[in-house]
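Understanding the architecture of this molecule
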Amino acid sequence: MTPWDTVAPQTLSLPRERRIALLAALLRDASDSDLLLAQAQAVATLLPEIPTASLNGDGFQHKRLPPLLMDLPDELLIHVLARIATPADLAATARTSVRMAAIVRDNHLWRDLVVRLGAEGFGAYPRPPPVTRRDSGLLAVVVASGPSETKTTKVPRSMVRSPWHSEFVKGYKTAMNWKRGACTVSRVVRRPGSLHADFDVGRSLVVSFTPSSSITWNLETGALHSQISSNPASAITTIRLTADHILTATSDAAIVVHDRATGVPLVRLRADRIPTAPQSEYGAVDADGTFCVAGAESGMVTAWDISTALASNSRHKGSPVPPATTAQVHELTPSACLVGHTTSITAVACARDSGLVAAGALDGSIRVWRVETKVSKHGNGDEQQHQQQQLVPIATALGAHPGGVFAMCIQGTHLITGGGDNSLKLWHLPQHHQSSKGAMIAADQLRLQRTFTGHTAPVICVAADSHKIVSGGADRSIKVWAMHATGSAAGTALYSLRDRHEAGLHAVRFDSGKLIASDFTSAVVVYDFEEPSETV
């Protein structure tokens, strides 16, 4: 419940001055991005005489601002102006009066705009520090008045451009470039003989592998970052890059977790000690830092809790260690072996924030599990408690993608999948609540929200943030989609990136300003949306 939810209806009968004072008290310390919309709603609640058009984010329709809006103090006007949609509207607002021109230059206004647009996705915005009060109207400036003499003077802040202004302009331009497909192909690298499977876009790192080895290298310089060699008796079948680790799956039905900086093996994961676990290769693997999930050709989904083993290795991180053997590396048995799929697992995904794990199979089915922590006591006292993670099935979608599920990722409360029917699908993940007995139960089943069509061949890879989806297909195209588009734009690609790949796409990853993609001809292409020179 927010502070303005507690405002009694009789508040509206108070004199206008009292309502403004109450509103100022409610909004003074509310500067987080998730409160911006509620702030505008609070203005509309306590000051209903202000026209709604002034608060709906569409900008001001008239050359003169509504007189009642002009009666608000500066602190409240900043919150209202932060709902304006475009810089052009802000410029028009600044021309209405000298007071508005000064407020449009205010550092807090641009900071609020950066927070709002950063929360809406598509652009590159830093996370600003908390601000609880407005700065002084005067700014101290040191100027030189002689060869060895300086003088301090004070000038109005309205004459100084806000440091958040440049951040807003940069982020706004990048956001618009993402929406309209304006980008530059800044680099094309071809390294034949290996498959480029995953990327760290921010650090320009690429993970490539062959059956016998894997390397992590810098895309800008080509320099080697780390190297991993597989056991001569087994071949690397798939690989995954996480924030701190590299996961390699091998043909002997094992997964090894390596330190990302050095390639040193830390944990070896196997399921052969579980009698019900068929021994078959893992074709898909993912991890969220503490939990690793892998899908096998047998249809088995296996999960390991790797947090304890990684913690015990942390003090040796970066130290030279010989190649992995059973005596030198932690060997873990699975926390869970999950059944249900009857064909090969072709895609898996797990997310730390939501605590969910998903798997897709060659028969087109999708299953979702929830990670639960089970606490057991071994004696009297909290120090004897033992925590163990387990997976609880919560949702299923059979026949989701005829032809197979080949790509998936979890983004917030949504699961995005791509498959052999040439489509992408957006699923709403089940929400949970506590039953009367305290157990967590599913409130919904996995339900389809939207289908995206446009690829002319199977969708092989997918990546997403809170507002957009990027997919790569066997049709050699990359497509960008607005996740929450409505009307005629729903389910239709914003644009396609073509003619840069000679074969189907294998992997795509992006951050706020760049997109990196690889294909099955061992080519890596970097698309830059911060400094565009062309529009697709």
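Residues numbered from 1 in each chain as written. Predicted model: local features only at pLDDT ≥ 70, side-chain atom pairs only at ≥ 80, totals over all residues. Heavy atoms only, no water.

Attention shifts here to the overall build of the chain. Across its full length, the chain carries 9 helices and 34 strands. Considering the chain as a whole, with its 536 residues, one finds that 48% of them fall into the buried category. Considering only residue pairs separated by 6 or more positions, the chain has 53% of its internal contacts joining residues 24 or more positions apart. (Helix = DSSP H or I, 4+ residues; strand = E, 2+ residues; numbered from the N terminus. Buried < 20%, exposed > 50% of the residue type's maximum accessible area, 1.4 Å probe, protein only. Contact = heavy atoms within 4.5 Å.)

Another aspect to go through is the sheet that holds strand β16 (residues 336-338). Pairing in this open sheet of 4 strands is antiparallel, and the strands run β12-β13-β14-β16 from one edge to the other. Both outer strands of the open sheet, β12 (282-287) and β16, are each paired with one neighbouring strand and no more. Averaged over all neighbouring strand pairs, the angle between strand axes comes to 15°, with direction disregarded. In the sheet, strand β14 (residues 301-305) pairs with β16 via 3 bridges, with the strands oriented antiparallel. Its bridge partner lying in β16, Val301 is registered against Leu338. (Pairing = 2+ DSSP bridges. Axes fitted to C-alpha atoms, helices over the stretch in contact; angles between N-to-C directions.)

Our next topic: helix α4 (residues 74-81). Of all 8 residues that make up α4, 6 are buried, and the element is covered over most of its length. Within α4, burial applies to Leu76, Leu77, Ile78, His79, Val80 and Leu81.

A word on the pattern of salt bridges. Summed over the entire model, instances satisfying the criterion amount to 9 salt bridges. Through salt bridges with shared partners, a single ionic network connects Asp198, Arg240, Asp286 and Arg509. (Salt bridge = Lys/Arg side-chain N within 4 Å of Asp/Glu carboxyl O.)

Moving on to the sheet that holds strand β6 (residues 213-218). Within a sheet, each strand pairs with its neighbour through backbone hydrogen bonds, oriented either parallel or antiparallel. If you trace the 4 strands from one edge of the open sheet to the other, you get β4-β5-β6-β7, paired in antiparallel fashion. Each end of this open sheet is capped by a strand with a single partner; those strands are β4 (195-200) and β7 (224-229). Across this sheet, the average inter-strand angle for adjacent strands is 20°, counted without regard to direction. As paired strands, β4 and strand β5 (residues 205-209) are joined by 5 bridges and run antiparallel to one another.

Ile103, Leu109, Trp110, Leu113 and Phe168 are the most contacted members of the largest nonpolar core, which has 21 residues in total. Elements with a contribution of two residues or more to this core: α4, α5 (87-94), α6 (98-104), α7 (107-119) and α8 (163-180). Counting residues in hydrophobic clusters, the runner-up holds 20 residues, among them Leu247, Ile255, Leu266 and Ala309. (Core = buried A, V, L, I, M, F, W, Y, C linked by side-chain atoms within 4.5 Å.)

Along the chain, Ala347 falls in strand β17 (residues 345-351). Residue classification places Ala347 among the buried residues on the basis of a relative accessible area of 5%. Ala347 sits 62 residues away from Val285 along the chain, and the two C-alpha atoms are 7.6 Å apart. Beyond its immediate sequence surroundings of up to four residues, Ala347 is in contact with Ala284, Ala358, Ala359, Gly360, Val405, Phe406, Ala407 and Met408.

Here we come to unusual backbone geometry. The backbone phi angle of Ser204 is positive, close to 55°, even though this residue is not glycine. Mapped onto the secondary structure, Ser204 falls in the loop between β4 and β5. Even without being a glycine, Ser522 presents a positive backbone phi close to 70°. Following the sequence through the fold, Ser522 ends up in the loop between β32 (514-519) and β33 (523-528). On the basis of relative accessibility, which here comes to 7%, the residue Ser522 falls in the buried class.

Moving on to the environment of Thr453. Residue position: Thr453 is located in strand β26 (residues 447-453). You can call Thr453 exposed: its relative accessible area is 52%. Residues Thr453 and Asp421, spaced 32 residues apart in sequence, show a C-alpha to C-alpha distance of 9.4 Å. Contact partners of Thr453, with chain neighbours within four places excluded, come to Ser423, Trp481 and Gly491.

Once that is clear, we can look at the packing of aromatic side chains. All told, the structure shown has 4 aromatic pairs when counted by the stated rule. When the centroid spacing of 6.0 Å and the interplanar angle of 75° are considered together, the rings of Tyr282 and Trp304 count as edge-to-face. You can see Tyr282 sitting in strand β12 and its partner Trp304 sitting in strand β14, a full 22 residues away along the chain. With a centroid separation of 5.5 Å and an interplanar angle of 65°, the aromatic rings of Phe452 and Trp481 are classed as edge-to-face. With Phe452 in strand β26 and Trp481 in strand β29 (residues 478-482), this residue pair connects regions lying 29 residues apart in the sequence. Residue Phe452 is classed as buried on the basis of its relative accessible area of 1%. According to the relative accessible area criterion, Trp481 is buried, its value standing at 0%. When the ring centre of Trp217 is taken as reference, the NZ or CZ atom of Arg191 above it lies at 3.9 Å. Taking the ring centre of Trp178 as reference, the NZ or CZ of Lys468 above it sits at 4.6 Å. (Phe/Tyr/Trp six-rings, centres within 6.5 Å; stacked < 30°, edge-to-face > 60°. Lys NZ or Arg CZ within 6 Å of the ring centre and 35° of its normal.)

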